[in-house]
Amino acid sequence: MIENNSSTILIVNNIDETLKDLIPTLPLHSYRVVRNEEKDDFLTAQAQQTIKEAYISSNETKYIILCGSSFRIEAQNSLLKVLEEPPKNIVFIIVTTSKSNILPTILSRMPHKYLKKRIERVDVDFDFFRMDLKSLYQFLKDNQKIGKKESKAIIESILFKINSQKIKLTKKELDAFSNAIKLLELNSRPIHILTTLLLTVIHRKHR
């Protein structure tokens, strides 16, 4: 994943899964992960933590892994100098979910690898125009034991089918889909997330 101990940007589907694959490939105690523990947004506070960590001297190669589904512009600007001229034995690894999250000035300084894999869409086997509490209950019953990855695929498929059926959602309803994905990342129970989301859709249909 990392070649020749050179700083790299990794564009991935899932940050946590990437870390699970990446960290075992690095020497023990040779890395630091910098991320926002409250929300998946890399802020100036994380940039300052990165700079401080970079200037802690190390006799061996130290990998500083910067993680975020989004990176604030001001945070990236504060990192430009240290990314361009990293201290001795420091390798930076930026892990994010979209190339567009990263400023062109940083992209020009660091090579990037596009590791995203195509996610197969899960077909949702009912019509939203005809959906009622009975069909909702059956759907949830059939999917009560699914995991986080499958739940994400179902949520994406639900949104795709809603769009294909030309059901117009409000910003609040669209935010519910975004929040559902975030809650899954926080390991909330998938069945609870799907229940809340589909009840929102039913409520929308009967307004």
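Criteria and cut-off values
- Residues numbered from 1 in each chain as written.
- Predicted model: local features only at pLDDT ≥ 70, side-chain atom pairs only at ≥ 80, totals over all residues.
- Heavy atoms only, no water.
- Helix = DSSP H or I, 4+ residues; strand = E, 2+ residues; numbered from the N terminus.
- Contact = heavy atoms within 4.5 Å.
- Salt bridge = Lys/Arg side-chain N within 4 Å of Asp/Glu carboxyl O.
- Buried < 20%, exposed > 50% of the residue type's maximum accessible area, 1.4 Å probe, protein only.
- Pairing = 2+ DSSP bridges.
- Axes fitted to C-alpha atoms, helices over the stretch in contact; angles between N-to-C directions.
- Expected span 1.5 Å × (residues − 1).

**A word on the side chain of Thr97**
Turning to step 1, where the next piece is worked out: With respect to the helices and strands, Thr97 occurs in the loop between β6 (90-96) and α4 (104-107).
Turning to step 2, where the next piece is worked out: Those residues within four positions of Thr97 in sequence are excluded, and the remaining contacts are Ile11, Val12, Asn13, Ile15, Gly68, Ser69 and Lys116.

**What about the pattern of salt bridges?**
Turning to step 1, where the next piece is worked out: This model, assessed by the stated rule, comprises five salt bridges.
Turning to step 2, where the next piece is worked out: With a closest N to O distance of 2.9 Å, Asp41 and Arg72 form a salt bridge. Residue Asp41 is located in strand β3 (residues 41-42), and its partner Arg72 is located in the loop between β5 (70-71) and α3 (73-84); the two are separated by 31 residues in the primary sequence.
Turning to step 3, where the next piece is worked out: When its relative accessible area of 10% is taken as the criterion, Asp41 is described as buried.

**Things to note about the pairing of β6**
Turning to step 1, where the next piece is worked out: Of all seven residues in β6, seven are buried, a share of seventy percent or more.
Turning to step 2, where the next piece is worked out: Across the two faces of β6 the burial is the same, with Ile90, Phe92, Ile94 and Thr96 and Val91, Ile93 and Val95 all buried.
Turning to step 3, where the next piece is worked out: Pairing analysis gives four bridges linking strand β1 (residues 8-11) to β6, with the strands arranged parallel. Within β6, the residue paired with Ile9 across the bridge is Ile94.
Turning to step 4, where the next piece is worked out: Both strand β4 (residues 62-67) and β6 contribute to a ladder of six bridges, which runs parallel. Bridging from a neighbouring strand, Ile64 pairs with Phe92 of β6.

**Observations regarding the sheet that holds β1**
Turning to step 1, where the next piece is worked out: Read across the sheet, five strands follow the order β2-β4-β6-β1-β7 without closing on themselves; strand pairing throughout is parallel. The open sheet terminates on both sides in strands that have one partner only, identified here as β2 (31-34) and β7 (112-114). Averaged over all adjacent pairs, the angle separating strand axes in this sheet is 20°, with direction ignored.
Turning to step 2, where the next piece is worked out: Across the face of the sheet, helix α2 (residues 44-54) comes into contact with β2, β4 and β6 while running at roughly 175° to β4.

**Some thoughts on α3**
Turning to step 1, where the next piece is worked out: Over its twelve residues, α3 extends 16 Å from the first C-alpha to the last, a length consistent with the 16 Å expected when each residue adds 1.5 Å.
Turning to step 2, where the next piece is worked out: Looking at the buried positions of α3, the neighbouring elements they touch are β3, α2, β4, β5, β6 and α4.

**With respect to unusual backbone geometry**
Turning to step 1, where the next piece is worked out: Positioned with a positive phi, His29 is a non-glycine residue whose angle comes to about 65°.
Turning to step 2, where the next piece is worked out: Turning to its location among the elements, His29 is positioned in the loop between α1 (15-22) and β2.
Turning to step 3, where the next piece is worked out: When its relative accessible area of 66% is taken as the criterion, His29 is described as exposed.
Turning to step 4, where the next piece is worked out: Backbone geometry places Asn89, a non-glycine residue, at a positive phi of 70°.
Turning to step 5, where the next piece is worked out: Tracing the backbone shows Asn89 in the loop between α3 and β6.
Turning to step 6, where the next piece is worked out: A relative accessible area of 24% places Asn89 in the partly exposed class.

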